[in-house]
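Structural description and commentary
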Amino acid sequence: MAGAPALVFEGVSKTFEAGGARVPAVDCLDISVPAGKVSGLIGPDGAGKTTLMRLAAGLLLPDEGVIRVLGVDVLAKPLVVQSSIGYMPQRFGLYEDLTVQENLDFYADLQGVPPTQRDPRYRELMHMTGLAPFTRRLAGRLSGGMKQKLGLACTLVRPPRLLLLDEATVGVDPVSRRELWAIVYRQVRDHGMTVLLSTAYLDEASRCEEIILLHQGRRLGQGSPGSFSEPLRGRTFRVAAPSLGKRRLQTRLSHVPGILDAIIEGERVRLVTAEAGPVDLEARLPDVPDLTMEAAEPVFEDAFIATLKRSEESSPAPLAGASPGPESPGTTGQPMIEVRNLQRRFGDFFAVRGVTFRVGRGEVFGLLGANGAGKTTTFRMLCGLLPVSDGTVRVAGLDLRRAASRARGRLGYMAQRFSLYENLTVVENLRFFASAYGLNRARRTQRIGWALEAFELGGYADSPSGELPLGYKQRLAMAAALMHEPDILFLDEPTSGVDPLARREFWQRINALAESGVTVLVTTHFMDEANYCDRLVIMADGEVLTEGSPAQMKARFRSAERPDPTMEDAFIGLIEQHDQQQEAAS
Amino acid sequence: MESLRRIFALAVKELLAILKDRKSRFVLIGPPIIQLIVFGYAATFDLNDIAFAVYNEDRGVASRDLIARVAGSPHFHRVADLEHDGQIAPLLDNREVLLVLRLGPRFSADLQRGRSASAQLLIDGRNSNTALLALGYLRTIVSDFNSDWATRNGRPGPPAALQVRHWFNAGLASRWFVVPGIVGLLTLVITTVVTALSVAREREAGTFDQLQVTPLRPVEILIGKSVPGILIGLVEGSFILLMTVVWFEVPLRGSLGALYLGMFLFLLSAVGIGLMISSLAVTQQQGILGAFLFLVPSVILSGFATPIANMPPVVQWLTLINPLRYFLVVLRGVFLEGDSYALLFNQYWPMLVIGMLTLAMAGWLFRHRRH
Amino acid sequence: MNAASRRRLRGMIRKESLQILRDPSSIAIAFVMPLVLLLLFGYGVSLDAKRIPLAFVVEQPDANSASLTGAFQRSDYFVPRGFGSIQAAQRALDAHEVSGIVWLRNDFSRHLLARGDARIGVIVNGVDANQARITEGYIQGVWQAWLLGYAHSQGHELPAMVMLEPRIWFNAAVRSRDFLVPGLIAVIMTLIGAMLTSMVVAREWERGTMEALMVTPIRIGEIIAGKMLPYFVLGMGGMLLSVAMALWLFDVPLRGSFWALSAASALFMLVALGMGLLISTVARSQFVAGQLAIVVTFLPAFILSGFIFQIGSMPAFVQLITHLIPARYFVAILQTVFLAGDIWPILLSNSVALLVMMVIFLGLARRKAHKRLD
């Protein structure tokens, strides 16, 4: 078996009809996935990852080209292929009104697993996924991570020779993601399975043995993760300048020619340069006295950004004209958000209990937690979408219960799914939100002009917002939230589903806003994004586990084997500590 | 002032969102026209070309005269002449004819001799309404035959005769009754569906949260969401009204102002109910199901097709909370009876009360049902 | 069918059955909806006018007018109310307090006795043409009976005239409920059958399970069969409930055989489910599927099936359209089996039409559905 590739695409194209035009999703693609390995399919949003998966599973017909799965032509014999592969779609393919056991039985029936082989296989899968105690629970009652593992168990009920996982880890917390990877590798080891998975998390790339980089339906590169990052050796650095602050430093650096990428990493800024060799930063930033710079180990993400930036050559515009803050930024002075002993009950159940924190003007404050930790409930109470059971919430110095309408006039809100009126055009959306915040005609015209320019939406002014690319939707949603120049901006998972390039751009804008004195409260499940926050809280079971700066949190998990822990390491460490305490207590 | 601006912005946005969506545009235009035409032509109780058979054992002039009158009527169509008794049952059983007219061998002779002659009529009663109507038509024909026979033969007619006049609808055209009802039916369906989905759609798209974090107050959201429903209902209603007069040629005898006052009050109550359903529904699916659950009973219990007076008393009380019941009276009153404001007062105020109550409920639900 | 195929089909059926048991909405559609709709229609829709308010204007009361008024009073159909003048009666007619007026002028008795050409004025509110006709028919009936009695009391026979002797077959009491309820069953079952399947397939699309299902070795025919069978059983349960309500709640007679009724119902249920399946292969969201199911099944079944409006009286082009409505054939079967009996020519011809429709719907659904997403 080894040697022959498990999946082969030869000159495969597939186009879709969208808005009257034919858009290629996969464009004359040649790939070959090696057998017996874990291969990652990586690319920005709309690169054609899902289309590729569906083509391989025989769910879509290619316009041209040949696809061979395990040596069989998918076009000619889809049923033969489908009886030897496993495929887990983005939403796991579970029947939420069936129990765990019933889901397994159903897929075992469909996959033709003989009754005698079922029990040992079920036992093995349940043990591996840790679902054994829950076999009689309805799938809909499982947590996101457990659903994902059950979905995987269902596709593995008859060990397939090729396993296709389409964005299986989206929206799942880091702990569950780690467990999923363990299961996948065990399958490869025990059954010699071939795995192809697509992912939007670049940090997961390093867990794959082979990476296929996809962009605009074409293959940009293929190889081991190291083979991608190795060429960048000598081009990645960490820069710090305490006198300037990380945000201003990042903004300044991103405009230095020859620098491909500058992102905040802890208290420092990580650089990727276009050419190898040191950059003479002191000459570029002569006014910064305490600038320090050291070389950094290149990772896959650096390579990803470097490769894509080359092929796109777009630079984010600075957010000129953002609302200027009356005071200088800092955590001093009157808190903009003050939460004291916040509680929310649903019946007997406490979704949020005893949450207390304050956020100062111009701060970027993060709210992190696993699924079901209570961060969304807290967030919704803060913006007045959910009544508070007990405790006080003051936003911009106003009590949300009493001066609701006035308090709401001072905050901006951007929801997870970029809640826009999809059949209204960009300008109509902006006009509506401006009017809803009571802007008069002159101010409205002025702010719409500002939004179109600052967010580079001019080219789409009259397109329905539903037809915008995802990155532009995100920009429009942000522009809409800023029409009335709010003092406080609430962001609920603002970057979910958006590719890494657009996420960088987005955070640069947020940085600029915070610089100008806007207070930002954000929830996210991208751990690397937590680095952008000045301070953050991590929640579990409705309570605040810890509060502090990202550096403080990471410092707690520094050890000999992990001298430089990531935010994800810190998060998982905290959750594990919490779980142990819970167990000890009970 | 700022509040007005916000309401105006919301109303404009609602209208744009409805009119720009191809699917909802279709819902506004397609079904009303199709239903108007189908209802207008198909939903009629008038009978035409009823198939009937004759079993005539008589050879006289009188029987031939009577049969010719029946066959000559536009309501009846003679399809068979029978030879013996045994043929009757299969024809009726198999629904080949609706009725069989049987004249005995002494029919003409009895009449000539000045005695009453009997004409036997066998009717398929599977559809009892059709049977009764056919019987009614035949009664009229026979009654005309009787008086003509009496005059022609110089005999005295019956000592007393009915002189029937039909007010408001002299030709007894079902269409005059049904089509004005469609105006009410369709405006109700459209406004309910439009408003019942308006909040649910925003909930699904996540924009309702977005709306709630703006300074818009619940009352402002309520007004901003009602106005488009009422406007669309008025436009759509006016169009169907025009079709009723121009295409179906139903006379419009009363005051247009009284009609529009009724329509406005009716739309107010329909919008109130739609928004109430909408604020209860979490998904569009639930919204459409809720609208359906409201629409079906309210059409059945409105007097649109069958009279309220025929229903059991309990059901009749139930109809009192149905706004369509009142609007149908307004419509038919203005169209056919030439009613004006004063006569319709008792229809106006219940609609106003229903509208106010449901809108207040919807406003309360906005605030108290967030998930 | 080999062992693997049987196992897949069994798995599919078991999964669907479990989902039905878990999800109250499909049980509600199958059982609560017919219950509610039948009660609503059964009691709410009646064409039988009873206790019609009738104005009586008697300008010169005497024995003759009293006997005529008495005849109306004794009839179940009328509630006569006296009015002093024709103007007062007309005002009551305008205000919808009465549905008609019977007007005996002051020369009524004189004409009746002396010249035998008395005229009785009758005014009926004609707005609701159907009710007006029925009211007029009742008035004529009462009048004719009175005339016979009057002639008899005067000791002479009526002058020569044709007396109509109507005999109404199958429904001698002329109860509209007896024909409305069987028709309703057809309308409701159309709705239920189509809604059941259209929503469940759309649900699989929406929740993303269809994608997972398609990548297994299951064949498309097995998916269709696996979906149809459990819902067929459920739909037949709803059918049984409706029939029971018709028989014991609404006292509709069942003159044909239960066997014929069941066979025709089973056939129709397959047609309705096939229709729903076809809808669901076209519409992939529950929302659109639900709307389509209502629009393309309920309204046509209501208006064009002959359940309430006589098909023969519709314009020719509308009559042509009715042939495309499956409910039309089922209404014909139900009204016959309930009220007339097992009349084979009607049962067979309509069953053949249903069979053809079933083959078309299922065939189309089978062709339209394929194991691909595009």
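Conventions used here
Once a new chain begins, its residue numbering starts again from 1 and follows that chain's sequence as written. Starting at A for chains and at 1 for ligands, labels are handed out in the order in which the entities are written. Local features in this predicted model are restricted to residues of pLDDT 70 or higher, and side-chain atom pairs are both shown and tallied only at a pLDDT of 80 or more, whereas totals for entire chains, interfaces and linings draw on every residue. Based on all heavy atoms of the structure, the side-chain values leave hydrogens and waters out of the count. Only DSSP runs of H or I covering at least 4 residues are called helices, and only runs of E covering at least 2 are called strands; the numbering of each starts at the N terminus. The size measure is the radius of gyration over C-alpha atoms, and the globule rule it meets is 2.2 Å times the number of residues to the 0.38 power. Under the scheme applied here, a residue whose accessible area is under 20% of the maximum for its type counts as buried, over 50% as exposed, and between as partly exposed, the area being computed with a 1.4 Å probe on protein chains only. Here the expected span of a helix is defined as 1.5 Å times the quantity of residues minus one. The contact definition used throughout considers only heavy atoms, calling two residues in contact when any of these lie within 4.5 Å. Two strands make a pair as long as DSSP finds a minimum of two bridges between them. Axis definition: a line fitted to C-alpha atoms, limited for helices to the stretch in contact. Angles are taken between N-to-C directions and run from 0 to 180 degrees. A positive count includes Lys and Arg, and a negative count includes Asp and Glu. His and the chain ends are not counted in either. Throughout this description, the term salt bridge denotes a Lys or Arg side-chain nitrogen within 4 Å of a carboxyl oxygen of Asp or Glu. UniProt positions are given in the numbering used here, feature names are shortened, and annotations may be inferred rather than shown by experiment. When describing relative orientation, an angle under 35 degrees is termed roughly parallel and one over 145 degrees roughly antiparallel, while 65 to 115 degrees is termed roughly perpendicular and anything else oblique. A crossing counts as left-handed when the near helix is turned anticlockwise from the far one by less than a right angle, and as right-handed when that turn is clockwise. Buried area is calculated as the accessible area (1.4 Å probe) missing from two parts once they are joined, with the contributions of both summed. Whenever a nitrogen or oxygen atom comes within 3.5 Å of another N or O atom, the pair is scored as a polar contact, on the condition that within protein one atom can donate a hydrogen and the other can accept it, and that pairs from neighbouring residues in sequence are kept only if both atoms are in side chains. In this count, Pro and Cys sit with the nonpolar residues alongside Ala, Val, Leu, Ile, Met, Phe, Trp and Tyr, while Asp, Glu, Lys and Arg are called charged and the others, Gly among them, polar. Without a salt bridge and with relative accessible area above 30%, a residue can belong to a patch; like charges are then joined within 9 Å and nonpolar side chains (Val, Leu, Ile, Met, Phe, Trp, Tyr) within 5 Å. Note on areas: these come from Shrake-Rupley sampling with a 1.4 Å probe, and a residue is covered only by the protein chains present in the view. In this entry, domain limits derive from an automatic or database-based domain assignment. What counts as a ring pair is set by centres within 6.5 Å for rings of Phe, Tyr and Trp (its six-membered ring), and what kind of pair is set by the plane angle: stacked under 30 degrees, edge-to-face over 60, tilted for all other angles. Placement of a charge over a ring requires the Lys NZ or Arg CZ to be within 6 Å of the ring centre, with the centre-to-atom vector within 35 degrees of the ring normal.

1. A closer look at the overall build of chain C
In terms of regular secondary structure, chain C is built from 14 helices and 5 strands. Relative to its length of 374 residues, chain C is extended, with a C-alpha radius of gyration of 28 Å against a globular reference of 21 Å. Taking the principal axes of its C-alpha atoms as reference, chain C extends roughly 95 × 40 × 40 Å. Within chain C, buried positions represent 62% of all 374 residues.

2. Section: helix α18 (residues 567-585) of chain A
All names here are of chain A. Taking 1.5 Å of rise per residue, the 19 residues of α18 would be expected to cover 27 Å, and the 27 Å separating its terminal C-alpha atoms lies within 8% of that figure. Looking only at α18, the buried set comprises M567, E568, D569, A570, F571, I572, G573, L574, I575 and H578. Close packing links the buried residues of α18 with α6 (174-191), β17 (364-369), β23 (535-540), β24 (543-548) and α17 (550-555).

3. Overview of the sheet that holds strand β5 (residues 162-169) of chain C
Strand pairing in a sheet takes place through backbone hydrogen bonds and is either antiparallel or parallel in direction. The strand order across the open sheet built from 5 strands is β2(B)-β1(B)-β3(B)-β4(B)-β5(C), with neighbouring strands paired in mixed fashion. With one partner strand each, in any of the chains shown, β2 (76-81) of chain B together with β5 of chain C form the two edges of the open sheet. Each strand axis lies, on average, 25° off the axis of its neighbour in the sheet, ignoring direction. Here 5 bridges tie strand β1 (residues 50-56) of chain B to β2 of chain B, and the two strands are oriented parallel to one another. Looking at the pairing, V54 of chain B lines up with D81 of chain B of β2 of chain B. Helix α6 (residues 128-152) of chain B contacts β1, β2, β3 (99-103) and β4 (117-124) of chain B together with β5 of chain C of the sheet and is inclined by roughly 170° relative to β5 of chain C.

4. So, the side chain of E210 of chain A
Residues and elements named next belong to chain A. Here E210 shows up in strand β9 (residues 210-215). There is no salt bridge for the buried E210, and the closest opposite charge comes from K37, which lies 4.1 Å off by N-O distance. Beyond its immediate stretch of four places on either side in the chain, E210 contacts P34, K37, V38, S39, G40, Q222 and G223.

5. Considerations on the UniProt feature "transmembrane region" (unreviewed entry) in chain B
All names here are of chain B. Taking the UniProt record as the reference, the feature "transmembrane region" (unreviewed entry) is found at residues 26-45, 176-200, 221-248, 260-282, 289-309 and 348-366. Across residues 176-200 one finds 100% helix and 0% strand; the C-alpha atoms that close the span lie 38 Å apart. Helix and strand shares over residues 221-248 are 93% and 0% respectively, and the end C-alpha atoms of the span are 39 Å apart.

6. Details of the packing of helix α10 (residues 258-282) of chain C against helix α14 (residues 344-368) of chain C
Each packed pair of helices is defined by two parameters, the angle between the axes and the distance between the axes. Residue and element names in this part refer to chain C. Interaxial distance between α10 and α14 falls to 8 Å at its minimum, and their mutual angle equals 25°. The orientation of α10 with respect to α14, classified from their angle, is roughly parallel. Where α10 crosses over α14, the two elements pack in a sense that is left-handed. Listed contacts from α14 to W259, A260, L267, F268, L270, V271, G274, M275, L277, L278 and T281 of α10 are W344, L347, S351, L354, L355, M357, M358, F361, L362, L364, A365 and K368.

7. Overview of the interface of chain C and chain B
Interfaces are often sized by the accessible area lost when the parts come together. Contact with chain C, which involves 95 residues of that partner, is made by 92 residues of chain B. Of the roughly 8,700 Å² buried between chain C and chain B on both sides combined, carbon and sulfur atoms contribute 65%. Where chain C touches chain B, the interface holds 12 residue pairs in polar contact (both at pLDDT 80 or more). With 16 residues, the top contributor of residues to the side of chain C that touches chain B is helix α6 (residues 129-153) of chain C. Each residue belonging to the side of chain C that touches chain B can be placed in one class, and the counts come to 61 nonpolar, 22 polar and 12 charged. Direction of pairing for β4 of chain B relative to β5 of chain C: parallel, over a ladder of 8 bridges. Counted as the bridge partner of L121 of chain B is P166 of chain C from β5 of chain C.

8. Points about a nonpolar patch on the surface
Together, I29, I33, I37 and F239 of chain B together with F317, I321 and L324 of chain C make up a nonpolar patch on the protein surface, roughly 610 Å² of accessible area in all. Breaking the nonpolar patch down by element, the ones donating at least two residues are α2 (22-42) of chain B together with α12 (316-322) of chain C. When residues of the nonpolar patch are assigned to their parent elements, the largest contribution, 3 residues, is made by α2 of chain B. Mapped onto the fold, I37 of chain B is located in helix α2.

9. What about the domain arrangement of chain C?
Under the domain assignment, chain C is made up of domain 1 (3-45 + 175-368) and domain 2 (52-153). Between domain 1 of chain C and domain 2 of chain C, the C-alpha centre-to-centre distance is 48 Å.

10. Remarks on the packing of aromatic side chains
According to the stated counting rule, one finds 32 aromatic pairs over all chains in the structure shown. Look at Y95 of chain A and F106 of chain A: their rings are 5.4 Å apart centre to centre, the planes differ by 85°, and that puts the pair in the edge-to-face class. Of the two residues, Y95 of chain A is situated in the loop between β6 (85-88) and α3 (100-110) and F106 of chain A in helix α3; the sequence distance between them amounts to 11 residues. By the burial criterion, Y95 of chain A is buried, and F106 of chain A matches it. When the ring centre of F432 of chain A is taken as origin, the NZ or CZ atom of K13 of chain B, which lies over that ring, is 5.4 Å away.

11. A short note on the pattern of salt bridges
Inspection of every chain in the model, using the stated rule, returns 61 salt bridges over all chains. Between E102 of chain A and R22 of chain C there is a salt bridge; the shortest N-O distance is 2.7 Å. One end of the pair, E102 of chain A, is in helix α3; the other, R22 of chain C, is in helix α1 (residues 3-22), on a second chain. In this structure, R78 of chain B engages D81 of chain B in a salt bridge whose closest nitrogen and oxygen atoms are separated by 2.7 Å. Its relative accessible area of 35% is what places R78 of chain B among the partly exposed residues. Classification of D81 of chain B by relative accessible area gives partly exposed; the value is 45%. Residues joined by salt bridges that share partners form a network here, namely R178, R207, E568 and D569 of chain A.

12. Regarding the interface of chain A and chain B
Listed as interface residues are 30 residues of chain A and, on the opposing side, 27 residues of chain B. Interface area for chain A against chain B, summed over the two sides, is near 2,500 Å², with a carbon-plus-sulfur share of 57%. Broken down residue by residue, the surface that chain A buries against chain B is led by R408, Y421 and N423 of chain A, which jointly contribute 21%. Scanning the region where chain A abuts chain B turns up 9 residue pairs in polar contact (both at pLDDT 80 or more). Broken down by element, the side of chain A that touches chain B gets its largest block of residues, 5 residues, from helix α13 (residues 426-436) of chain A. For the side of chain A that touches chain B, a count of residues per class yields 16 nonpolar, 9 polar and 5 charged.

13. Focus: helix α16 (residues 500-515) of chain A
Given 3.6 residues per turn, any residue in an α-helix points the same way as the ones three and four places further on. Residue and element names in this part refer to chain A. An ideal rise of 1.5 Å per residue puts 22 Å on 16 residues; α16 measures up with 23 Å between its terminal C-alpha atoms. Of all 16 residues that make up α16, 13 are buried, and the element is covered over most of its length. Downstream of α16 by a residue or two, G517 has a phi angle that is positive, lying close to 105°.

14. Let's talk about the environment of V235 of chain B
All names here are of chain B. Position of V235 among the secondary structure elements: in helix α9 (residues 218-246). Using a relative accessible area of 60% as the deciding quantity, one classes V235 as exposed. C-alpha separation for the pair V235 and Q35, spaced 200 residues apart in sequence, amounts to 17 Å.

15. Considering unusual backbone geometry
Residues other than glycine seldom take positive phi values, yet E493 of chain A does so here, at roughly 40°. Structurally, E493 of chain A is set in the loop between β21 (488-492) and α16. Using a relative accessible area of 9% as the deciding quantity, one classes E493 of chain A as buried. You will see that E249 of chain B, though not glycine, has its phi angle at about 55°, which is positive. Inspection of the secondary structure assignment puts E249 of chain B in the loop between α9 and α10 (256-280).

16. Quick word on the sheet that holds strand β18 (residues 390-395) of chain A
Residue and element names in this part refer to chain A. Strand order across the open sheet formed by 4 strands is β16-β15-β18-β19, with antiparallel pairing between neighbours. Every interior strand has two partners, whereas the edge strands, β16 (349-359) and β19 (398-399), have only one. Note: strand β15 (residues 337-346) against β18, 5 bridges, orientation antiparallel. When the bridges of β18 are listed, E338 appears paired with R394.

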